[in-house]
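Here's the letter readout for the chains.
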Amino acid sequence: MNIPFSKVSITGNESKYIEEVLKSGWLTTASKALKFEQLFAQYVGAKYACAVNSCTAALHLAVEAIGIGPGDKVLVPTLTFTASAEVVRYMGADPVFIDVEYGTGLVSPAILKKALLEFPDVKAIILVHYAGQAAEMKVAGGEGILDLCRKHNVKIIEDAAHAFPTKFGDKFIGSFGDITCFSFYANKTITTGEGGMLVTNDEAIYKRAKTMRLHGINRDIWDRFTSIKSSWEYDVIEPGFKYNMPDLNAAIGLAQLEKAEFLREGRQRCAEYYFRELSDLISIDLPICYGPIENHSWHIFPIIIRPEASLSRNEFIEEMSNEGIGVSVHYKPIHRMTYYKQTYNLNPMDYPNAERIWKGTVSLPIYSDLKEEGLEFICQKIKSLLDNRLNYFFYPEENSKVHMYRKILLDNTPKQLNNH
Ligand SMILES: Cc1ncc(COP(=O)(O)O)c(C=O)c1O
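Rules used in this analysis
- Residues numbered from 1 in each chain as written.
- Predicted model: local features only at pLDDT ≥ 70, side-chain atom pairs only at ≥ 80, totals over all residues.
- Heavy atoms only, no water.
- Axes fitted to C-alpha atoms, helices over the stretch in contact; angles between N-to-C directions.
- Helix = DSSP H or I, 4+ residues; strand = E, 2+ residues; numbered from the N terminus.
- Parallel < 35°, antiparallel > 145°, perpendicular 65-115°, else oblique.
- Left-handed = near helix turned anticlockwise from the far one by under 90°.
- Contact = heavy atoms within 4.5 Å.
- Nonpolar A, V, L, I, M, F, W, Y, C, P; charged D, E, K, R; others polar.
- Buried < 20%, exposed > 50% of the residue type's maximum accessible area, 1.4 Å probe, protein only.
- Pairing = 2+ DSSP bridges.
- Near = heavy atom within 4 Å.
- Polar contact = N/O pair within 3.5 Å; in protein donor to acceptor, adjacent residues only side chain to side chain.
- Areas by Shrake-Rupley, 256 points an atom, 1.4 Å probe, with all protein chains shown as cover.
- Arc of directions from axis to C-beta.
- 1 Å grid on protein atoms, 1.4 Å probe; cavity = no way out; pocket = protein on both sides within 12 Å on 5 of 7 lines; lining within 4 Å.
- Points joined across faces, edges and corners; volume = space filled by probe spheres on them.

Draft legend 1. Up close: the packing of helix α3 (residues 55-65) against helix α4 (residues 83-90). Where α3 meets α4, the axes come as close as 9 Å, and the angle between the chain directions of the two elements is 40°. When the axis of α3 is compared with that of α4, the two are oblique. Note on packing geometry: the crossing formed by α3 with α4 is right-handed. Contact residues: α3 offers T56, L59, H60 and V63, while α4 offers A83, S84, E86, V87 and Y90. Split into classes, the residues belonging to the contact of α3 with α4 amount to five nonpolar, three polar and one charged.

Dropping the structure here:
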């Protein structure tokens, strides 16, 4: 069997909408991109959306729009893709890397609180909703991530590259922070091939991002060619970027958006299968889903091979590849990347949880086209490789989240799990 790590599901109106674009004769940013922006903003419950050609572009526009500049400090979790940090460097500012929670891979309110005390001069945080699960934006008693940031006058840019459609409580990610950036790269829950979206409720931020998305020109191309004013005339108010999303990509996005919940549900089905089949393997830790399972977009399903397992993470990956099963790693933390390690003299000991995750993490295939037969094959292979063979005997620490979670999994059916 050959099971790719990720697979795009094209089963809706993609071809139809692409054909409409081709027939219209207007391939770059125009009515489809505009419609995609409107429907996306509506979906997540935000006022404004600005379609761009990647999430990296959205993140860059976001740090620019809130005025991050040379010498500023921005908190960034170390367990993320390099894009979350590089956009801070684009502005000449400095990322301050922080650890994440073991189990969820998220920046928790406790981690943030500690970082805000240690670095009281940070201007913003790039908050990653790792794997597709929302960080704890609000908690009872007012010490959630939103509250902490407001209290310390720190702007929140949400890196929601993994997190569409993701909810925190009964609201979608995209409706909380100052700016939220989404990715529609080919392996994401919905895709445009390459693409991204910046959403915000702040009109000034939206206008700034829209202008900077297209060279700092004060009218966009579509407007220039459809308005009755003379089409050649425009002004440049800043040296902006070339980040607009072409209609060809937006056409795919519109079709994918219509099926977003179906695509998310397909991923959830895979996650439930993994939880059910792998929960009694004591040589791995499964990801912790702290809220209702439906709130998670399940972009990735990262398991952690414990150090006590009979196989190392790298050996496990090799064995899976030999069987034709595609797996991946999310992530080698940023503090281990040469540029950041050398520029900021970073020490792995300052990131104990990310280190523990990195040394054992493997992301399993997860997508709506992955059916039961494939899931069974994957789980059987994992069980045959790791079937409770340990190098030495091990009990998860009593009362640790991992321990509690394993107990929940063993005591409940996946449906009951939703209540935790
Ligand atoms: C956490 C995170 N942020 C940002 C990005 C960048 O997304 P894009 O490829 O759309 O620029 C990615 C890419 O997967 C990501 O995983």
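Draft legend 2. Just the environment of I304, in detail. Within the secondary structure layout, I304 lies in strand β11 (residues 301-305). According to the relative accessible area criterion, I304 is buried, its value standing at 10%. Spatially, the C-alpha atom of I304 lies 8.5 Å from that of S283, the residues being 21 residues apart in sequence. Apart from the residues lying within four places of it in its own chain, the contact partners of I304 are Y102, S283, I284, D285, R356, I357, G360 and T361.

Draft legend 3. Spotlight on the pairing of strand β4 (residues 124-128). Taken across its five residues, β4 has five buried, putting it largely inside the fold. In β4, alternate side chains face the same way, and those of A124, I126 and V128 on one face and I125 and L127 on the other are all buried. Direction of pairing for strand β2 (residues 73-77) relative to β4: parallel, over a ladder of two bridges. Paired with L75 across the strands is I125, a residue of β4.

Draft legend 4. Structural view of the site of the ligand. Taken together, 15 residues sit near the ligand, with T56, D159, S183, K188 and Y331 positioned nearest. A distance of 2.7 Å separates an oxygen atom of the ligand from a polar atom in the side chain of K188. One nitrogen or oxygen atom from the side chain of Y331 is found 2.8 Å from an oxygen atom belonging to the ligand. About the coverage of the ligand: the protein hides 91% of its 390 Å² of free accessible area. Within the residue set of the shell around the ligand, elements represented by two or more residues are α3 and α4. Residue composition of the shell around the ligand, grouped by class: six nonpolar, seven polar and two charged.

Draft legend 5. Representation of helix α11 (residues 313-322) in the model. Along α11, the residues that are buried comprise R313, F316 and M320. Considered in projection along α11, the buried side chains sweep an arc of 60° and stay on one side of the axis. Exposed residues on α11 whose side chains face more than 90 degrees from its buried face are N314, E318 and N322. In this fold, the buried residues of α11 make contact with β11, α13 (352-360), β12 (361-364) and α14 (372-386).

Draft legend 6. Local environment of the sheet that holds β11. Strand order in the open sheet formed by three strands is β10-β11-β12, and the pairing between neighbours is antiparallel. Looking at strand neighbours, the two that pair on one side only are β10 (284-285) and β12, the edges of this open sheet. Strand direction decides the pairing type here: β10 and β11, joined by two bridges, are antiparallel. Counterpart to I284 in the pairing with β11 is I305.

Draft legend 7. Spatial organisation of the packing of α11 against α14. Direction vectors running N to C along α11 and α14 enclose 135°, while the axes themselves pass 11 Å from each other. The angle between the axes of α11 and α14 places the two elements in the oblique class. In this structure, α11 meets α14 at a crossing whose hand is right-handed. Residue-level inspection shows F316, E319 and M320 of α11 in contact with α14, the latter providing I378, K381, I382, L385 and L386. Per-class residue counts for the contact of α11 with α14 are six nonpolar, no polar and two charged.

Draft legend 8. Main features of the side chain of S297. Here S297 is to be found in the loop between β10 and β11. Here the side chain of S297 touches H162 through a polar contact of 2.7 Å, landing on its backbone oxygen. Contact partners of S297, with chain neighbours within four places excluded, come to A131, G132, H162, A163, F164, P165, T166, T189, R264 and R267.

Draft legend 9. Region of the structure containing empty space enclosed by the protein. A complete count under the given rule lists seven cavities of 30 Å³ or more for this structure. Estimated volume of the largest cavity: approximately 130 Å³. Along its surface, the largest cavity is lined by 16 residues, and G103, T104, Y130, P287 and P302 are the ones closest to its centre. For the lining of the largest cavity, the element with the most residues is β11, which contributes three residues. Counted as a void, the second largest cavity has a volume near 110 Å³. K7, S9, K188, T189 and R267 are, among the 14 residues lining the second largest cavity, the residues nearest its centre.

From the geometry alone we can't say anything about function, so treat these as descriptive.
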